[in-house]
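Structural overview for review
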Amino acid sequence: MNLLHKIQSNILSILKSMYADKAFAESDIQISPNKTQNKGDYTVLIFPLAKKAGKNPTELGNEIQSGLKNLFPELGFEAIGGFLNIVMNDQFWKDSLEALLATDFQKMFPENDKTVLVEYASPNTNKPLHLGHIRNILLGWSIYRLLQRLGYNVVKTQVVNDRGIAICKSMLAWQKYGEGRTPASEHVKGDHFVGEYYVLFESKFQEEYKQFQLTEEGKDCFDQRKKQEQSEKEFFTEYKNQYFNNQSTLGREARAMLLKWEEGDPAVRSLWSMMNGWVLEGFEQTYTNLGVDFDKVYFESETYMLGKQIFLENIDNGIFYKKTDGSVWINLENQGLYHKLVLRSDGTSVYITQDTGMADIRYEEYQYDSCIYVVADEQDYHFKVLFEICKALKAPYADGLHHLSYGMVELPSGRMKSREGTVVDADDLIAEVINEATKNASERNELIDLPQEEQNEINRKVGMAALKYHIIKVNPKKKMIFDPKESVDLQGHTGPYIQNAFVRISSVLRKLESEVTTDFIAYNPINEDEKELLMQLSAYKGVISNAAESYDPSVLANYTYSLAKSFHKFYHNHSILKAESPDAKSFRLSLSKVVATILADAMHILGIEMPEKM
RNA sequence: GGCUUCGUAGCUCAAUUGGAUAGAGCAUCUGACUACGGAUCAGAAGGUUGCAGGUUCGAAUCCUGCCGAAGUCACCA
């Protein structure tokens, strides 16, 4: 048993013997690292215990202290106010290091037979991926790795929105103006190629709309429908969707195409599958660059009609109700929500219909215990409704559904808007950070002797670490302000800073002629920097479970930085290879090895690779 | 307007889930390579944790009320 744990259970026995009637439990006794200037490595919080015992904290602290002094004469204790500080001895630190050396971090947690689905990415096939997708993807990926580490069987899925009016817009634009061009003929990545036609459609539509505004019809429209005090500009901005749906030629053509698609028209279907193929190929390349993949991909074109049946079957039993116009609803007022439409009056489905059906077929396929939807917080309400619907249906998976809601990514100038062209493209960003890393590498001379291919690989790892770490270090719940300038930073609280700690250790280990041994019995005293490292290393397991259980990879990211920081400090203050004694050398080498192992492991969970040199 | 979330250094983020003197990085200023990699280290400066109450041994964290920001409340996705 670990010494800390032993102290904890002895405090419990002391309390039990003194206050037999109070029912103390081990969980009442909180021991945390001491971060103050006061003497002591760890601190026992006396206040909660004093409250339960009905005793003055100072007195109780002294009582516990004298009890522990007898049991652990080799340790130091100091009771200050409501805190009891403990000074560990060198043996404790050496035992900690040996325990760490013996740990297989891959197997810290026992396997369990539970299955978790993680849904992330989920793009539309009319535009390339952007910065928002990157945050989503990095979150999904690290949650997958975290839960996997906790012993779950994790299935990575995405739902591709590959149908609907938006998709038809780019198809129509290509048909009208594409002149047979392809991604191959233009040497453009498929998703960007199709995205250009989506943008082209929008601009052609805007042209048409502007023309319309100058016609008699347009002017009449403004005069008849404008609200009081509304300017022409304001009116037409607001009226745009109505114009698209009721008057626009392009709008009519796009809707006609959607209708043909739904009827299964062979020409439209083949155009559709060709263009979607281009986009998906482009996505695949971006996923590869981001280092992520999926076990199962669902296409909305195959699932959008699901769910309808479920609602129709549950009208008679009163879960859903039908209005006179034929639309189907559910009343969620008792859950603090509103009435929600689940089927249109014409019998077609809405988004929530499809999501309900999706939850169902996935359950049939995987019998999952839990399903995590990684989706931005603008859809919080949607998921509340969805989960309540599943509960109302008494679905066996209803209690396992979880929305991992994350804040949207904004630029220093505000929210990204495709109309204003302020969307940060994923591929561009990736290229930029790698470029920046390459530029930086060429300014120093560490890689100069390596083959070009190897240099490229290292620069890629460093650039991607900068980008990924910059995003994943922020608490998912919070919206984040993404400054492109800061994202390519390679110094300070960044991914490359952490990689550099690993690189330094790798470099030290390379210089070593013999194996690292664990002969450090005679090493003392353990210095403060070493203690600091050992405390952090011992906390690793707790950090992992904390991050996984709160669905928050940023916990792990920040831990990794703090560990790297402690290492840099240690490295600066103490010589490893030229340590004062063989035992000191072997202690520091062992310590460094564990630091490298944990840094690499933690970063791996976050989807960040470690180079040996940089 | 209803509901939800968020306001911490000039900027971007932390704070062991209610614990001791609120910590990092960037930017600014100063110092450290004849040390195992300076993408590093040490230091200075920077704060009424939006405001006002309350709860208690103790509050950035919990409660109430204001102020401010964002999201959402579609027969959109």
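Notes on the structure in this doc start here.

Definitions and cut-offs
Residues numbered from 1 in each chain as written. Chains lettered and ligands numbered in written order. Predicted model: local features only at pLDDT ≥ 70, side-chain atom pairs only at ≥ 80, totals over all residues. Heavy atoms only, no water. Near = heavy atom within 4 Å. Polar contact = N/O pair within 3.5 Å; in protein donor to acceptor, adjacent residues only side chain to side chain. Helix = DSSP H or I, 4+ residues; strand = E, 2+ residues; numbered from the N terminus. Nonpolar A, V, L, I, M, F, W, Y, C, P; charged D, E, K, R; others polar. Pairing = 2+ DSSP bridges. Axes fitted to C-alpha atoms, helices over the stretch in contact; angles between N-to-C directions. Contact = heavy atoms within 4.5 Å. Buried < 20%, exposed > 50% of the residue type's maximum accessible area, 1.4 Å probe, protein only. Right-handed = clockwise from strand over helix to strand, strands pointing away. Salt bridge = Lys/Arg side-chain N within 4 Å of Asp/Glu carboxyl O.

For the rest of this paragraph, the subject is the protein's contact with RNA strand B. Among the 64 residues in the neighbourhood of RNA strand B, the closest are listed as Asp325, Arg444, Tyr497, Arg504 and His574. A breakdown of the atoms of RNA strand B within 4 Å of the protein gives sugar and phosphate a share of 57%. Asn500 places a side-chain nitrogen or oxygen 3.1 Å from a sugar or linking oxygen of RNA strand B. Between RNA strand B and Lys565, the relevant distance is 3.3 Å, taken from a phosphate oxygen to a side-chain nitrogen or oxygen of the residue. The set of elements that each furnish at least two residues to the surface near RNA strand B consists of strand 2 (42-45), helix 2 (47-53), strand 4 (83-87), helix 16 (380-392), strand 15 (480-481), helix 20 (495-510) and helix 23 (553-573). Residues of the surface near RNA strand B, tallied by class, amount to 24 nonpolar, 22 polar and 18 charged.

Before going further, it helps to examine the sheet that holds strand 3 (residues 76-80). If you walk across this open sheet you meet the four strands as 1-2-4-3, and the pairing is antiparallel. Sheet topology places strand 1 (31-33) and strand 3 at the edges, where each strand pairs with a single neighbour. Each neighbouring strand pair of the sheet contributes to a mean axis angle of 25°, computed without reference to strand direction. Against the sheet, helix 1 (residues 3-18) engages strand 1, strand 2 and strand 4, with an angle of about 140° to strand 1. Packed onto the sheet, helix 3 (residues 57-71) meets strand 3 and strand 4 and runs at close to 175° relative to strand 3.

Turning to the pairing of strand 12 (residues 401-406), a few remarks are in order. Every regular strand shows the same layout, with side chains that alternate between the two sheet faces. With respect to burial, strand 12 is a largely interior element, five of its six residues being buried. Judged from the six bridges that link them, strand 11 (residues 370-376) and strand 12 form a sheet pairing that is parallel. Pairing of Ala376 across the sheet is with Tyr406, part of strand 12. For the crossover that starts at strand 11, traverses helix 16 and ends in the parallel strand 12, the hand is right-handed.

Moving on: the side chain of Asp601. Topologically, Asp601 is positioned in helix 24 (residues 582-605). Within the structure, the side chain of Asp601 is placed 3.3 Å from the side chain of Gln106, a separation counted as a polar contact. Once residues lying within four places of it in the same chain are set aside, the contact partners of Asp601 are Phe105, Gln106, Arg149 and Tyr540.

Here we take up the pattern of salt bridges. Pairing between side chains of opposite charge can happen when their charged atoms approach one another. Overall, the coordinates contain 25 salt bridges when judged by the stated rule. A salt bridge links Lys52 to Asp28, with the shortest nitrogen-to-oxygen separation between them at 3.0 Å. Of this pair, Lys52 sits in helix 2 while Asp28 is found in the loop between helix 1 and strand 1, placing the two residues 24 residues apart along the sequence. Two residues, Arg181 and Glu179, come together in a salt bridge whose shortest N-O distance is 3.5 Å. With a relative accessible area of 31%, Arg181 lands in the partly exposed category. Members of the salt-bridge network, linked through shared partners, are Lys55, Glu59 and Glu63.

In short, the description is geometric, and any link to function would need to be established separately.
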